[in-house]
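Residue-level listing of the chains:
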Amino acid sequence: AIERTFSMIKPDATKRNLTGKITAHLEEAGLRVVASKRVHMSLRDAQAFYAEHSERPFFGELTEFMSSGPTVVQVLEGENAIAKNREVMGATNPAEADAGTIRKEYALSLGENSVHGSDAPETAAREIAFWFAERDIAG
Ligand code: CMP
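Procedures and definitions
Residues numbered from 1 in each chain as written. Predicted model: local features only at pLDDT ≥ 70, side-chain atom pairs only at ≥ 80, totals over all residues. Heavy atoms only, no water. UniProt positions renumbered as here; feature names shortened; annotations may be inferred. Pairing = 2+ DSSP bridges. Helix = DSSP H or I, 4+ residues; strand = E, 2+ residues; numbered from the N terminus. Buried < 20%, exposed > 50% of the residue type's maximum accessible area, 1.4 Å probe, protein only. Contact = heavy atoms within 4.5 Å. Arc of directions from axis to C-beta. Near = heavy atom within 4 Å. Polar contact = N/O pair within 3.5 Å; in protein donor to acceptor, adjacent residues only side chain to side chain. Areas by Shrake-Rupley, 256 points an atom, 1.4 Å probe, with all protein chains shown as cover. Nonpolar A, V, L, I, M, F, W, Y, C, P; charged D, E, K, R; others polar.

By the naming in an unreviewed UniProt entry, the protein chain is Nucleoside diphosphate kinase, taken from Pseudahrensia aquimaris. Taken from UniProt, the Function (unreviewed entry) comment for the protein chain reads in full: "Major role in the synthesis of nucleoside triphosphates other than ATP. The ATP gamma phosphate is transferred to the NDP beta phosphate via a ping-pong mechanism, using a phosphorylated active-site intermediate." According to the UniProt record, the Subcellular location (unreviewed entry) comment for the protein chain is "Cytoplasm".

**Q** Which residues make up the pairing of strand S1 (residues 2-9), and what are the values?
**A** Pairing geometry for S1 and strand S3 (residues 71-79), over eight bridges, is antiparallel. Pairing of Glu3 across the sheet is with Gly78, part of S3. With three bridges joining them, S1 and strand S4 (residues 115-117) adopt antiparallel strand pairing. The partner of Met8 across the bridge, within S4, is His116.

**Q** Give me the lowdown on the environment of Phe49, citing residues and values where you can.
**A** Tracing the backbone shows Phe49 in helix H3 (residues 43-49). The class for Phe49 is buried, based on a relative accessible area of 0%. Placed 25 residues apart in sequence, Phe49 and Gln74 show a C-alpha to C-alpha distance of 14 Å. Ignoring anything within four residues of it in the chain, the contact list for Phe49 reads Phe6, Met8, His116, Arg126, Glu127, Phe130 and Trp131.

**Q** A description of helix H2 (residues 19-28) should follow, citing residues and the corresponding values.
**A** Regarding H2, the residues found buried are Ile22, Thr23, His25 and Leu26. Angular distribution of buried residues about the axis of H2 spans 150°; they occupy a single face of the element. With respect to the buried face of H2, the exposed residues turned more than 90 degrees away are Lys21 and Glu28. Positive phi shows up at Gly30, right after H2, with a value of about 95°.

**Q** A description of the site of the ligand should follow, citing residues and the corresponding values.
**A** In the vicinity of the ligand, the contacting residues are Lys10, Tyr50, His53, Phe58, Glu61, Leu62, Thr92, Arg103, Leu110, Gly111, Asn113 and His116. Leu110 places a polar main-chain atom, nitrogen or oxygen, 2.8 Å from an oxygen atom of the ligand. Coverage of the ligand by the protein chains reaches 79% of its 450 Å² of free accessible surface. Looking at the shell around the ligand residue by residue, the classes come out as four nonpolar, five polar and three charged.

**Q** Give a description of the UniProt feature "binding site: ATP" (unreviewed entry) in the protein chain that names residues and reports values.
**A** Per the UniProt annotation, the sites labelled "binding site: ATP" (unreviewed entry) are Lys10, Phe58, Arg86, Thr92, Arg103 and Asn113. Along the chain, the position of Lys10 falls in the loop between S1 and helix H1 (11-15). With respect to the secondary-structure elements, Phe58 resides in the loop between H3 and helix H4 (59-66).

Next comes the structure, spelled out in structure tokens:
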């Protein structure tokens, strides 16, 4: 089925001017960018966005990193977009990512791993709604 998912290009990647290269990977995989904006999120935004991880030991590191510089938040649309995006991103830890994936190519570490993508339909809906109004999305 045609799905929407949420994608984020993280500060380690925007800093290295990789927005275009990462977006090209997504588009080449058949995902369509139907909304996109560059945001420098506040620490509070990062804490709210990643609230599900608030009890994890890396929560402070994660939210400080995500608010340390600009990110590019995007809505992607396509056939099985959620799973396809996760395939193109590769494993969370770049040391475990397959060849040809975004994280294998660009990620620096488990924390500075260049991209985020929704892991399920419910999280995709929540993450899209966190950053975009329906009228910001042109499918
Ligand atoms: P992401 O898909 O954005 O979702 C949560 C993020 O937490 C994850 O990618 C990693 O970048 C980060 N993360 C996961 N585990 C750790 C860890 N042990 N230390 C630091 N960051 C982590």
